Amino acid sequence: MDKRLLTIQDISCVGQCSLTVALPVISACGIETAVLPSSVLSTHTAGFSGYTFHDLTDDMEPILAHWNKEAIKFDAFYTGYVSKAQIPVILKIMEETANPGALRIVDPVMADNGRLYTGFDTDFPAEMARLCRGADVIMPNLTEAAFLLQEDYRGNNLEHQDYDEEYIVGLLERLMGLGAKSVVLTGVSYDPKLLGCACFDGTKIDYYFRQRLDAQMHGTGDVFASSVAGALCRGKSLIDAASLGADFVVESMKATLDDKSHWYGVKFEKALPWLVRRLEA
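The text that follows walks through the structure, step by step, so that each part is easy to find. None of these values were measured; they are calculated from a predicted model.

Digging into helix α6 (residues 165-176)
Part 1 of the argument: Across its 12 residues, α6 extends 17 Å between first and last C-alpha, which sits within 8% of the 16 Å expected from 1.5 Å per residue.
Part 2 of the argument: Every buried residue belonging to α6 is among Tyr167, Ile168, Gly170, Leu171, Leu172, Leu175 and Met176, and all of these are buried.
Part 3 of the argument: The opening residue of α6, the one whose side-chain oxygen lies 3.3 Å from the backbone nitrogen of Glu166, is Asp164.

In structure tokens form, the structure reads like this:
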């Protein structure tokens, strides 16, 4: 039977991130994709100025009531950028609209490069940890992992890194202690030429690395998380889904490298045929 996934996150009308990535990417994976926007922005917030923002928290409960009236259910949930006030409602949505065995996939979007995103206060990570509890998969980057665990962030850049494999293993174990069933930790590197992720299912740790491209682009985290969510719904294993996601990010970045005017996102659309072929292989 075909699966239906609900993704809950913001939508930027312009800018290849959040829902404008999740909807086409997960749909390309062959999964029916329902959406619940947490907020609407005219553009994303990185590099644009004067953008508009409209919070949609007040719409969530009436939407849930209508879904319950129509007996609408979901086989998977994938959350991204949400607010603190929305987390209790999201947990309620998951509880009331989940089919038996529904996957819960959480990308705890809140921080990068050692800092919380603008608009999140110091209490937010504790609320995000509530959303991670009981999730089948959480996908934090190194900064988000540190905030979830209320630990100091250890840097990761081309010049130096303030951690070793022992630290990453311990980080994965402590993240599992939040109550998630498995973890995909992104932005992991033991070699300045390589960048990748570490996957932990509670029993075994698997790594996947790709050559680090000399570029930083907006939206790569959303491209990764969305393709991982789609692949998991297709029945891929954790490491297979994560490696597919990492490869899809690289393909999307390669499609963007030659266009210096396209600074606001990655041209993931150009790589969607590659994604479909990879899933069918």
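Things to note about the packing of helix α2 (residues 57-69) against helix α3 (residues 87-97)
Part 1 of the argument: Put simply, α2 and α3 touch, their axes get as near as 11 Å, and they point 5° apart. When the axes of α2 and α3 are compared, the pair comes out roughly parallel. Here Met60, Glu61, Leu64, Trp67 and Asn68 of α2 come into contact with α3, specifically with Val89, Lys92, Ile93, Glu96 and Thr97.
Part 2 of the argument: Taken together, the residues that form the contact of α2 with α3 break down as five nonpolar, two polar and three charged.

Topic: the pairing of strand β10 (residues 194-200)
Part 1 of the argument: Where burial is concerned, most of β10 is hidden: five out of the seven residues are buried.
Part 2 of the argument: In the sheet, strand β9 (residues 183-188) pairs with β10 via five bridges, with the strands oriented antiparallel. Following the sheet pairing, Val188 is matched in β10 by Gly196.
Part 3 of the argument: With antiparallel pairing between neighbouring strands as the criterion, β9 and β10 make up a hairpin whose turn holds five residues.
Part 4 of the argument: The loop that links β10 with its antiparallel partner strand β11 (residues 205-211) comprises four residues; one of these, Gly202, has a positive phi angle of about 95°.

The rules behind these values
- Note on numbering: residues in each chain are counted from 1, in written sequence order.
- Given that this is a predicted model, residues contribute local features only at a pLDDT of at least 70 and side-chain atom pairs are listed and counted only at 80 or more, while totals for whole chains, interfaces and linings are drawn from all residues.
- With hydrogens and water excluded, all non-hydrogen atoms of the structure serve as input to the side-chain values.
- Put simply, DSSP marks the helices as runs of H or I at least four residues long and the strands as runs of E at least two long, and each gets a number from the N terminus on.
- One less than the residue count of a helix, multiplied by 1.5 Å, gives the span that helix is expected to have.
- When a residue's accessible area, from a 1.4 Å probe over protein chains only, is under 20% of the maximum for its type it is buried; when over 50% it is exposed; and in between it is partly exposed.
- Think of a polar contact as two N or O atoms within 3.5 Å of one another; within protein, one of them needs to be a possible hydrogen donor and the other a possible acceptor, and neighboring residues in sequence only count if both atoms come from side chains.
- For helices, the fitted line uses only the C-alpha atoms of the stretch in contact; every axis is such a line through C-alpha atoms, and the angle between N-to-C directions lies from 0 to 180 degrees.
- Note on terminology: angles under 35 degrees are roughly parallel, angles over 145 are roughly antiparallel, angles of 65 to 115 are roughly perpendicular, and the others are oblique.
- Contact definition: two residues touch when any of their heavy atoms are within 4.5 Å.
- Any residue that is not Ala, Val, Leu, Ile, Met, Phe, Trp, Tyr, Cys, Pro, Asp, Glu, Lys or Arg is counted as polar, Gly included; the first ten are nonpolar and the last four charged.
- Should DSSP find at least two bridges between two strands, the strands are regarded as paired.

Nothing here speaks to function; it is all geometry.
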